[in-house]
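# Overview (structure and organization)
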Amino acid sequence: MKTKGSKSTAAATLLPKCLTGIQGLDEITGGGFPRGRPTLVCGSAGCGKTLMAAEFLVRGAAQFDEPGVLMAFEETEAELKANVASLGFDLDGLVRRKKIVIDYVHIEPSEIQESGDYDLEGLFVRLNHAIDSIGAKRVVLDTLEALFSSLGNEAILRAELRRLFRWLKVKGVTAVITAERGREQLTRHGLEEYVSDCVILLDHRVNDQIATRHLRVVKYRGALHGTNEFPFLIGNEGISVLPITSLGLNHKISSARIATGIPRLDSMLGGRGFFRGSSILLTGTPGTGKTIVAANFAQAAARRGERVLFFSFEESPNQIIRNMHSIGLRLEPLVKQGLLRFHSARPSLYGLEMHLATMFKEIATFKPAVVIVDPITSLMDAGTDSESKGMVTRLIDYLKGGQVTSLFTSLTQGGHSLQQSEMAMSSLMDSWLLLQDFEGNGERNRVLYVLKARGMAHSNQIREFLISDRGIDLVDAYIGPSGVLTGSARAAQNSLEKASILAIQQEGARRKRELERKREAIERQISGLRSDYESETMELRRVDEQVGTRALTLTTERAASGRLRQADTKVLVTTRSQPRHGKNGKNGKRI
């Protein structure tokens, strides 16, 4: 019984793949082109067929130690070297080191005579010699139309095409063959896509005066692959395919928190700020202070020693720096220290994909801890809704993959609902702050509140957003029966509340004084009663002393009287009692 693990291993063994080294393409194809098999790259003029084939060859030789042969039928060796040099590829150096062989085959249609026994035997001999001379593993043929341009016999053409593809398979090289796109078919002859094991379709289209290149894997025998249409671009470092569906939600997360640069805003976020590596959306109508919040966030990160990359699509760096002076922010020292870098460009400069590739390059070069995009909505206007959301998705996933904290400002159009203005972009964000204008009493004031903050406790209260030459302050907005009061209305309400509190305090003080007077009166009464009690007690003590004295005197007098009476009695008893000799007395007589 086969296990799940053995099944996947067997599948990988059955279909070996050859890495292209082209950013994003290996991800879409699940590991590159089929090894030892031909791959067809077709498309209209200017879509990048030759450059993709050349990059496949150059990266194979430079990165994977797989020598290659480039057989060209339209461009000379010198022309090819000059063309790919614009991508940063040293094709001339690879040729000198015998890593790549370039063979230009000049075909003049007028010199070719079509006959029944026409074949490509001479081409095979020439190609075989080039492959064996350097032990090539990769082969590029550019392009088929030039090779078969003079053949009008459909039967001969089809036979030779099949023979060419079969020869490449037998030779065991991984081949990339370029072909022009047909009117009703992928290619002009309509056969190449059937005999190829993998077919890549390139397209170059213009929408709203903005050009965008797209790539689609039409066919890939024996392997799963991305079937969607993916935008790609050609930059100064080669081709970059930026897929959406191939990105997985498996990036690392952090529980660390970073401050926003606005203490009261940190308090609204549990007192600790945002999670590191999270994505933050700050929306608001024009003039609400989105760029100011972003600048404070950037300054706080730079002061922690973290690098900040600030993408601006509306203002130049000098203008942002000058404007921040009005609120006491000094960004110039941070720029000079290399902690803050600005990148400014108009959204209409080029298409979304070029903007995205430029941002990726800046991020990879500068390696920031915080990225600010101000505003993201200006950039999104350069494409359709689906393209814009796809661009934001790729950017957010790219930043999260590198644990980069991102802040996106978004311009909300007045009168539009919040959901419509954000085009569901908010669902991609971890935290969402909203800045709004409140109009009343002939003035406009700003408020801020937290719409969502994933994974953290946060305030659900509205705060008035104040901007002064000392910076930003968030104060409690008055919320009463009449609604939210801000600005002078809030100040007037605060004055009324202070007056009411003062009146209550004065009434309390009056009652306290009255109570104190009553207490003092009671204490005086108690003191008087206590004095009367003590006087009566002393009087009673004197009476008791007098009674005691009298009783003692009376007793003494009675005792004296008694002694006097007792003396008379003793004399009388002695006189009457003369000694008699009785029964018990002396001489036997009782006395």
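Residues numbered from 1 in each chain as written. Predicted model: local features only at pLDDT ≥ 70, side-chain atom pairs only at ≥ 80, totals over all residues. Heavy atoms only, no water.

### Concerning the overall build of the protein chain
- Of regular secondary structure, the protein chain possesses 18 helices and 24 strands.
- The 591 residues of the protein chain split such that 45% are buried.
- When contacts within the protein chain are restricted to residue pairs at least 6 apart in sequence, those whose partners lie at least 24 apart make up 68%.
- In the form shown here, the protein chain has an accessible surface area of approximately 31500 Å², with 52% of it arising from carbon and sulfur atoms. (Helix = DSSP H or I, 4+ residues; strand = E, 2+ residues; numbered from the N terminus. Buried < 20%, exposed > 50% of the residue type's maximum accessible area, 1.4 Å probe, protein only. Contact = heavy atoms within 4.5 Å. Areas by Shrake-Rupley, 256 points an atom, 1.4 Å probe, with all protein chains shown as cover.)

### A word on empty space enclosed by the protein
- Applying the stated criterion to the full structure yields one cavity of 30 Å³ or more.
- Put simply, the largest cavity is a space of about 40 Å³.
- For the largest cavity, the full set of lining residues is Thr-260, Ile-262, Leu-265, Phe-274, Val-293, Phe-297, Leu-407 and Leu-433.
- Within the lining of the largest cavity, the residues separate by chemical class into seven nonpolar, one polar and no charged. (1 Å grid on protein atoms, 1.4 Å probe; cavity = no way out; pocket = protein on both sides within 12 Å on 5 of 7 lines; lining within 4 Å. Points joined across faces, edges and corners; volume = space filled by probe spheres on them. Nonpolar A, V, L, I, M, F, W, Y, C, P; charged D, E, K, R; others polar.)

### What about the environment of Glu-387?
- As for its placement among the helices and strands, Glu-387 is situated in helix H16 (residues 385-401).
- By relative accessible area, Glu-387 is classed as partly exposed at 26%.
- When the C-alpha atoms of Glu-387 and Leu-352 are compared, they prove to be 8.0 Å apart, with 35 residues separating the residues in sequence.
- In contact with Glu-387, other than residues within four places in its own chain, are His-214 and Leu-352.

### Concerning the environment of Val-206
- With respect to the helices, strands and loops of the structure, Val-206 is situated in strand E8 (residues 198-207).
- For the pair formed by Val-206 and Gly-351, sequence separation is 145 residues and the distance between their alpha carbons is 9.7 Å.

### Notes on the pairing of strand E21 (residues 463-468)
- Where strand E20 (residues 443-453) lies against E21, three bridges are found, and the strand directions are antiparallel. Paired with Leu-448 across the bridge in E21 is Arg-463.
- With six bridges joining them, E21 and strand E22 (residues 471-476) adopt antiparallel strand pairing. Within the sheet, the bridge partner assigned to Phe-465 lies in E22 and is Leu-474.
- Following E21, the chain reverses through two residues before pairing antiparallel with E22. (Pairing = 2+ DSSP bridges.)

### Side note on the packing of helix H14 (residues 352-366) against H16
- In contact at an axis separation of 11 Å, H14 and H16 are set at 10° when each is read in the N-to-C sense. Viewed along their axes, H14 and H16 adopt a mutual orientation that is roughly parallel. Across the interface between the two elements, Leu-352, Glu-353, Leu-356, Met-359, Phe-360, Ile-363 and Ala-364 of H14 pack against Glu-387, Ser-388, Met-391, Arg-394, Leu-395, Tyr-398 and Leu-399 of H16. (Axes fitted to C-alpha atoms, helices over the stretch in contact; angles between N-to-C directions. Parallel < 35°, antiparallel > 145°, perpendicular 65-115°, else oblique.)

### Describing the pairing of strand E18 (residues 405-411)
- Counting buried residues in E18 gives six out of seven residues, a clear majority hidden from the surface.
- As defined by bridge partners, strand E14 (residues 279-284) adjoins E18 across six bridges and the pair is classed as parallel. Bridging from a neighbouring strand, Ile-280 pairs with Leu-407 of E18.
- Pairing of strand E17 (residues 370-374) with E18, which is carried by four bridges, proceeds in the parallel orientation. Counted as the bridge partner of Val-373 is Phe-408 from E18.

### A short note on unusual backbone geometry
- Omega for the bond connecting Asp-142 with Thr-143 falls within 30 degrees of zero, at -5°, which places this linkage in the cis form.
- The residue Thr-143 is located in the loop between strand E6 (138-142) and helix H7 (144-147) in this model.
- Residue Pro-375 is bonded to the preceding Asp-374 through a cis peptide linkage, with omega at -15°.
- Mapped onto the elements, Pro-375 comes out in the loop between E17 and helix H15 (376-380).
- Despite not being glycine, Asp-65 has its phi angle at roughly 55°, a positive value.
- Checked against the element boundaries, Asp-65 lands in the loop between helix H3 (49-63) and strand E4 (68-72).
- For Gln-403, which is not a glycine, the phi torsion comes out positive at approximately 55°.
- As for its placement among the helices and strands, Gln-403 is situated in the loop between H16 and E18.

### Examining the confidence of the model for the protein chain
- Looking at the protein chain, pLDDT values average 81 and 80% of them are 70 or higher.
- Per-element confidence in the protein chain ranges from a low mean pLDDT of 45 for helix H1 (residues 4-14) to a high of 95 for strand E15 (residues 308-312).
- Low pLDDT (under 50) marks residues 1-13, which in the prediction has zero contacts with non-local residues, meaning those over four places away or in another chain.
- Predicted confidence for residues 113-117 stays below pLDDT 50, and this span has six contacts to residues more than four positions away or in other chains. (pLDDT = per-residue confidence, 0-100.)

### Concerning the nonpolar core
- In this structure, Leu-265, Phe-297, Met-324, Leu-331, Leu-340 and Ile-372 are the most contacted members of the largest nonpolar core, which totals 41 residues.
- Per element, the largest residue contribution to this core is eight residues, and it comes from helix H11 (residues 290-303).
- Residues within four places of Leu-340 in sequence aside, it is in contact with Ala-298, Val-308, Phe-310, Leu-331, Leu-334 and Val-335. (Core = buried A, V, L, I, M, F, W, Y, C linked by side-chain atoms within 4.5 Å.)

### Notes on the pattern of salt bridges
- Under the definition given, this model contains 24 salt bridges.
- Between Arg-221 and Asp-197 there is a salt bridge, with the nearest N and O atoms lying 3.7 Å from each other. Of this pair, Arg-221 sits in the loop between strand E9 (210-220) and strand E10 (229-235) while Asp-197 is found in the loop between helix H9 (192-195) and E8, placing the two residues 24 residues apart along the sequence.
- For Arg-221, a relative accessible area of 33% puts it in the partly exposed group.
- We classify Asp-197 as buried; its relative accessible area is 3%.
- Overlapping salt bridges, with partners in common, bring together Arg-37, Lys-169, Asp-197 and Arg-221 in one network. (Salt bridge = Lys/Arg side-chain N within 4 Å of Asp/Glu carboxyl O.)

### Section: the side chain of Thr-358
- As for its position among the elements, Thr-358 is in helix H14.
- Ignoring sequence-local partners within four residues, the contact set of Thr-358 consists of His-343 and Tyr-350.

### Section: the packing of aromatic side chains
- One pass over the structure, following the stated rule, counts five aromatic pairs.
- For the pair Phe-33 and Phe-56, a centre-to-centre distance of 5.5 Å together with 45° between the ring planes defines the contact as tilted. Of the two residues, Phe-33 is situated in strand E2 (residues 33-34) and Phe-56 in helix H3; the sequence distance between them amounts to 23 residues. Accessibility assignment for this pair places Phe-33 and Phe-56 in one class, buried.
- Taking the ring centre of Tyr-220 as reference, the NZ or CZ of Lys-17 above it sits at 4.8 Å.
- Cation over ring: Arg-307 sits above Phe-366, and NZ or CZ is 5.2 Å from the ring centre. (Phe/Tyr/Trp six-rings, centres within 6.5 Å; stacked < 30°, edge-to-face > 60°. Lys NZ or Arg CZ within 6 Å of the ring centre and 35° of its normal.)

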